[in-house]
Amino acid sequence: MYMSVVSTLLSRNSVKFVKGPAPKQADLEQILQAAMVAPDHGRLRPWRFKLIRDESVQALGELAIRTAEADGKPLTDQKAASVRMWLKNVPLLVAVACQIDHSDEKIPESERLLATGAGVMNILNAAHALGYGAYWSTGLGTYSHTVPEELGFDELDYRFMGFVALGTLPERVPTKERPSFEEFVSEWKPGSDL
Ligand SMILES: Cc1cc2nc3c(=O)[nH]c(=O)nc-3n(C[C@H](O)[C@H](O)[C@H](O)COP(=O)(O)O)c2cc1C
């Protein structure tokens, strides 16, 4: 049982060009519930998710394009076309925000962000395990003032962390080369770095 869970983890790929239909309701509930088991110092539950479906996905894309222009950083025609081309088939975006508590002096903000990120990772893994495609993006005006604000995440109380596109896998999903863990892991013993 554990082996098959690990092989599922090892075979995950981000899939940007997902298409409809979106995960069916029972699957979506499991995917979102997976975020609730993320490690979370102090049980702060800082993660917040907003579901954006169907035509609202394209509307969000247009908002991001307008916002970039209003902020003096207009997308090139080519970039705007590629955003529209991507979103026209995406059935569901999950907007991700991390709630900040300015009065909390014990647990640093970075830990809230890490817990929220771990929640998103669980969403990506659960989607993959259930046979869906998922992709985390911090495009679409994530770092603008307007887009998070329009989604109800004001700058004071939230750190906006982007969008997860969720949907049905395309016909072909290329496999990716992954580095060997050995490049990133070493052993420490007392005195070994002296
Ligand atoms: C917080 C976060 C934000 C990301 N934002 C973008 C993005 O805006 N554009 C992009 O091309 N990839 C972005 N990525 C990377 C993709 O989600 C994905 O991880 C990458 O394409 C590698 O695919 P893999 O997850 O299968 O290794 C982001 C990843 C993370 C963790």
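Look a little higher up for the structure.
J.: Can you walk me through the sheet that holds strand β3 (residues 132-137) in this structure?
T.: One open sheet accounts for four strands, arranged β1-β2-β4-β3; its pairing is antiparallel. Looking at strand neighbours, the two that pair on one side only are β1 (47-53) and β3, the edges of this open sheet. Taking each pair of neighbouring strands and ignoring which way they run, the sheet shows an average axis angle of 25 degrees. Note that β3 and strand β4 (residues 158-168) share six bridges and pair antiparallel. Counted as the bridge partner of Y135 is A165 from β4.

J.: In this structure, what is going on with the site of the ligand? I would like to understand it.
T.: Close contacts around the ligand come from R12, N13, S14, Y135, W136, S137, T138, G139, K176 and R178, and that covers them all. Within the backbone of T138, an N or O atom sits 3.0 Å from a nitrogen atom of the ligand. In the complex, 55% of the free accessible area of the ligand, which totals 620 Å², lies under the protein chains. For the shell around the ligand, the per-class residue count stands at two nonpolar, five polar and three charged.

J.: Help me understand the packing of helix α2 (residues 25-35) against helix α5 (residues 109-129), please; the structure alone is not making it clear to me.
T.: The relative placement of two packed helices is expressed as an angle between their axes plus a distance between the axes. Between α2 and α5, the shortest axis-to-axis distance is 7 Å and the interhelical angle comes to 150 degrees. In this structure, α2 meets α5 at a crossing whose hand is right-handed. In this structure, α2 uses I31, L32, A34 and A35 to contact α5, whose residues at the interface are G119, N122, I123, A126 and A127.

J.: Explain the nonpolar core here, please?
T.: General note: in soluble globular proteins, nonpolar side chains tend to be found buried as a group. Judged by nonpolar contacts, the single largest core of 24 residues is most densely connected at L60, L93, L140, L151 and F163. Where this core is concerned, the elements lending two or more residues are α3 (55-70), α4 (77-87), β2 (92-99) and β4. Here this core takes five residues from α3, the largest share from any one element. Those residues within four positions of L151 in sequence are excluded, and the remaining contacts are K50, I52, L60, A95, F160 and F163. Of all hydrophobic cores here, the second largest spans 23 residues; its members include I31, A35, M161 and V164.

J.: Sorry if this is basic, but what is going on with the packing of aromatic side chains here?
T.: We describe a pair of aromatic rings using the distance from one ring centre to the other and the angle between the two ring planes. Applying the stated criterion to the full structure yields four aromatic pairs. With 5.8 Å between their ring centres and 90 degrees between their planes, W86 and Y135 make a pair best called edge-to-face. With W86 in helix α4 and Y135 in strand β3, this residue pair connects regions lying 49 residues apart in the sequence. Using a relative accessible area of 23% as the deciding quantity, one classes Y135 as partly exposed. A ring pair is formed by F153 and Y158, whose centres lie 5.1 Å apart and whose planes are at 70 degrees; its orientation type is edge-to-face. The exposure class of F153 is buried, given its relative accessible area of 5%. The structure contains a cluster of three or more aromatic residues connected by ring pairs, namely F153, Y158, F160 and F163. Above the ring of W86, the side-chain terminus of K16 is found at 4.8 Å from the ring centroid. For the cation-ring pair, K50 lies above F153, with the distance from its terminal atom to the ring centre recorded as 5.1 Å.

Parameters at a glance
Residues numbered from 1 in each chain as written. Predicted model: local features only at pLDDT ≥ 70, side-chain atom pairs only at ≥ 80, totals over all residues. Heavy atoms only, no water. Pairing = 2+ DSSP bridges. Helix = DSSP H or I, 4+ residues; strand = E, 2+ residues; numbered from the N terminus. Axes fitted to C-alpha atoms, helices over the stretch in contact; angles between N-to-C directions. Near = heavy atom within 4 Å. Polar contact = N/O pair within 3.5 Å; in protein donor to acceptor, adjacent residues only side chain to side chain. Areas by Shrake-Rupley, 256 points an atom, 1.4 Å probe, with all protein chains shown as cover. Nonpolar A, V, L, I, M, F, W, Y, C, P; charged D, E, K, R; others polar. Left-handed = near helix turned anticlockwise from the far one by under 90°. Contact = heavy atoms within 4.5 Å. Core = buried A, V, L, I, M, F, W, Y, C linked by side-chain atoms within 4.5 Å. Buried < 20%, exposed > 50% of the residue type's maximum accessible area, 1.4 Å probe, protein only. Phe/Tyr/Trp six-rings, centres within 6.5 Å; stacked < 30°, edge-to-face > 60°. Lys NZ or Arg CZ within 6 Å of the ring centre and 35° of its normal.

Nothing here speaks to function; it is all geometry.
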